[in-house]
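Commentary on secondary and tertiary structure
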Amino acid sequence: MTQLRGVGIGLGIAQGPVARMAEPFPAPSDAPSTLDAGSETTRVRDAVAGVARELEQRGAQAGGAAQDVLEAQAMMAEDPSLETEIDARIAQGHTAEWAVHDAFASFRDTLTAMGGYLGERAADLDDVAQRVIARLRGVPAPGVPDPGHPFVLVAKDLAPADTALLDLDKVLALVTTEGGPTSHTAILAREKSIVAVVGAVDATSLVDGETVIVDAAGGLVLTEPTADELDRAHRRAADRAAAASAPVTPGALKDGTAIPLLANLGNADGAADAVALGAEGVGLFRTEFLFLSSSSAPTIAQQRASYEKLLAAFPGKKVVVRVLDAGADKPLPFLNDAHEENPALGLRGLRALRASEDILREQLTALAEADAATRANGQGADLWVMAPMVSTVEETAYFTAIAREYGVKTAGVMVEVPSSALLADRILAHADFASIGTNDLTQYTLAADRLLGSVASFQDPWHPAVLRLVREVGAAGRAHDKPVGICGEAAADPLLAVVLVGLGATSLSMAPTALADVRASLLENTLADAQRVAEAALAADDAASARAAARAALSVPATA
Ligand code: PEP
Ligand code: MG
C-alpha cells in the first residue's frame, strides 16, 4: 500500500476504481484544409448545433442553477458573431477544427480582458470549443469520464461546468492534484457531501481502473489496499452513514454547553435545505452572489426582495448578513479596479464599499426595509450585519456607526486579517460580535493565495499561527462577553471544529451538509476536552502536526 497525501474535505471515506478526467485536446494543426469551404462550413454547423442541443438537454436533466449555466453555454455555441468569425477562417482555407479553435480563442481573450464575472466565463467558452472540436473529430469530449460503473474521479481540478452535472450516484469520491481546501472542488465536495482529497500532488500516478481508498479524515489516498484495509474502510463508511441519520439536535458539547450550528448561504433558495439539516440560523449570508451576475449593483427593491426571503425562512432565528465582499476572489467590475497588481491586498471588502459608500448605504437600506417588512408580517428574524475584510479598529468604528444609522441592532465585523485578530480586544470594544473568516485569515497569515494550487499546502487553517490568532479573538470575546463565531471552511472540519470551540468560538457556521458530522463530533467532547485538544494543536510546529496532535488527544484513528 502507498499513501498519497493531500487535504481531506470532511471526515468521509470511500473506495473504488479510479477513472481519470481526460486532458483537454491540444490545439489542432493549422495545415490547410483538404475539403472545400462549403463542406467545412456544413461540418461546423452540424457540430455546433449538436453541441448546443446536447447542452440544452443536459441542462433540462440537471435543472436548477446547472440548467442556467448549460443554457448560457448553448447560447455561446450558437453566437452569430462567433459563426461569422469561424466562417471567415474557413473561407481562408483553414480546417473546421482550426477555425473553431482560433475563433473561440479570440473570443476567450476578449472575455478575459474584461475581467470580473465575464472573465470567469472564459473557461465556459473553452469547454464549448472542446465539445465542438470533439464532435468534428467524432470522439468523446474531454471532461468527466463515464466508465459505466461507479468510480473515484481523479482530476487536476474541476471546472464549475464539470461539477454542475456530476452524477453523484456514480462518483464515489473526488481526488484532485491541484486546489486547496477553499477551491471550487472543495466547496462543492462539502456542499454535496462528496468524499474528497484535494491538492494530492502525487495522484498524477494513479491509473484508470486501479482500486483506491480515499480517506478524507486522514487527507490520504491509499493505493493497492489489502482486503483487510478495504474492509475497515467499509466499516468506517457505514459508521458515518449512521451518524448522518442521527437525530437533528441543536449544536452542543457532551457537557451540554450550547454551540449553535449555523448555515453559510449564498442564496435564500438554500434556506429550506439548511433548516432540514438542522441549521439553527445563518452565520454567513454571502450577499456578493446577488451582485455577481449584473454589471451594476442591484436596486434596493431587488435586494430587499432577496433579504426578505432569507429572513422569512428563519423566523425568530439569528441571521448574520455580510455586506458586499467584492474584490480578489470575488471581483465586481463596478466596484473593483481590475488593474490592481495584488487584488487580495487592494481595495476589497469594506475598503471597496467605503470608496463607493452609496452602494453600502443602499445595501443597509434594503436590509433595514426587509427587516421591518418581515417583522410586520410576524416572520422577522434576529438580523445581525457584519462587514468583511476589516483590518483596523477605525474601520470597525466606521462600519458599526454607519450600520447603526440604519437601525441595525447587532453590528459586527469579520476577522479575516491578522491585524484584526491581534487587535480583537480593541475591535470588540466597538463591534457587537466578531466572526472569524478562516479562509482569508489563513491566506493572509501564511501569505498564500487561496486560489493558487501551487501554494495550496500553505492554505491550511490547522496551522498553529492561524490557531493562535483565533485564540486571541476567543480571549477578546470572553473579556468583552461578546460572541465569536467561525464562518470559514474550518468550521466544517469536525475535528477542527472542536479545536475552534476550545479556542473560544461560541458558534460555528458552515455549508449545511457539514452540520451532521460537526454536530456528532461536538457531542463526543466536553468543553474541557475541547480546550485540551486546542492546547495540543497550538503547541505544534505546523498544520500537519497540529492535526496529528489533535487526533492523538482525541484518539481519532489516523488512517483507515
Ligand atoms: C472567509 O474568508 O473565511 C470567509 C468566510 O469569507 P469568504 O470565503 O467569502 O471570503
Ligand atoms: Mg473572506
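Scroll up to find the structure this text is about.
Everything quoted here is computed from the prediction, not taken from an experiment.

So, how was this worked out
- Residues numbered from 1 in each chain as written.
- Chains lettered and ligands numbered in written order.
- Predicted model: local features only at pLDDT ≥ 70, side-chain atom pairs only at ≥ 80, totals over all residues.
- Heavy atoms only, no water.
- Helix = DSSP H or I, 4+ residues; strand = E, 2+ residues; numbered from the N terminus.
- Expected span 1.5 Å × (residues − 1).
- Buried < 20%, exposed > 50% of the residue type's maximum accessible area, 1.4 Å probe, protein only.
- Arc of directions from axis to C-beta.
- Contact = heavy atoms within 4.5 Å.
- Pairing = 2+ DSSP bridges.
- Axes fitted to C-alpha atoms, helices over the stretch in contact; angles between N-to-C directions.
- Donors = N, O, S within 2.8 Å, 3.2 Å for Na, K, Ca; no water.
- Salt bridge = Lys/Arg side-chain N within 4 Å of Asp/Glu carboxyl O.
- Polar contact = N/O pair within 3.5 Å; in protein donor to acceptor, adjacent residues only side chain to side chain.

The end-to-end C-alpha distance of helix α9 (residues 227–244), which contains 18 residues, comes to 26 Å, matching closely the 26 Å that a straight helix rising 1.5 Å per residue would cover. Listed in full, the buried residues belonging to α9 are E229, A233 and R236. Projected onto a plane normal to the axis of α9, the buried residues spread over an arc of 60° and lie on a single side. Relative to its buried face, α9 has exposed residues pointing more than 90 degrees away, namely A227 and H234. Check the buried side of α9 and you find it contacts β3 (13–20) and β7 (211–215).

On to the sheet that holds strand β1 (residues 2–5). Strand pairing in a sheet relies on backbone hydrogen bonds. The paired strands run either parallel or antiparallel. Ordered by their spatial adjacency, eight strands build an open sheet running β1-β8-β7-β3-β4-β5-β6-β2, and the pairing between neighbours is mixed. Since the sheet does not close on itself, it has two edges, and those belong to β1 and β2 (7–9), each with one partner. Averaged over all adjacent pairs, the angle separating strand axes in this sheet is 30°, with direction ignored. Strand direction decides the pairing type here: β3 and β7, joined by five bridges, are antiparallel. Bridge pairing in β7 links A14 to V214.

Most of β7 sits inside the fold, with four of its five residues counted as buried. Pairing analysis gives four bridges linking β7 to strand β8 (residues 220–223), with the strands arranged antiparallel. Looking across to β8, one finds that V214 is bridged to V221.

Moving on, we come to the coordination of the magnesium ion (ligand 2). Protein coordination at the magnesium ion (ligand 2) comes from E416 (OE) and D440 (OD), with a distance range of 2.0 Å. Of the two residues, E416 is situated in the loop between β13 (410–415) and α16 (418–422) and D440 in helix α18 (residues 438–445); the sequence distance between them amounts to 24 residues. Judged by its relative accessible area of 1%, D440 is buried.

Taken in spatial order, the eight strands close into a barrel running β9-β10-β11-β12-β13-β14-β15-β16, and their pairing is parallel. Each strand axis lies, on average, 25° off the axis of its neighbour in the sheet, ignoring direction. Summarising the sheet, strand β12 (residues 382–387) and β13 pair through four bridges and their orientation is parallel. Directly across from W384, in β13, lies its bridge partner T410. Running over the sheet, helix α21 (residues 515–523) touches β9 (261–265) and β16 (507–510) and is turned about 155° from β9.

Using the criterion set out here, one finds 33 salt bridges in the structure. Here E369 ties to R304 by a salt bridge, and the two come within 3.4 Å at their closest N and O atoms. Here E369 is found in helix α14 (residues 357–376), whereas its partner R304 is found in helix α12 (residues 300–312), with 65 residues between them in sequence. Two residues, D371 and R375, come together in a salt bridge whose shortest N-O distance is 3.2 Å. Highlighted residues: D371 and R375, both in helix α14, separated by four residues, approximately one helical turn. Owing to a relative accessible area of 11%, D371 belongs among the buried residues under this scheme.

So, about the environment of F291. Within the fold, F291 resides in helix α11 (residues 288–291). We classify F291 as buried; its relative accessible area is 0%. Remark: the alpha-carbon pair of F291 and L324, spanning 33 residues in sequence, is separated by 8.4 Å.

Another aspect to go through is the side chain of T287. Its location among the elements puts T287 in the loop between β10 (281–286) and α11. Assessed through its relative accessible area of 0%, T287 is described here as buried. One polar contact links the side chain of T287 to the main-chain amide nitrogen of L324, over a distance of 3.4 Å. Not counting residues up to four positions away in its chain, the partners in contact with T287 are Y307, V321, R322, V323, L324 and Q363.

Honestly, it's all geometry; don't read function into it.
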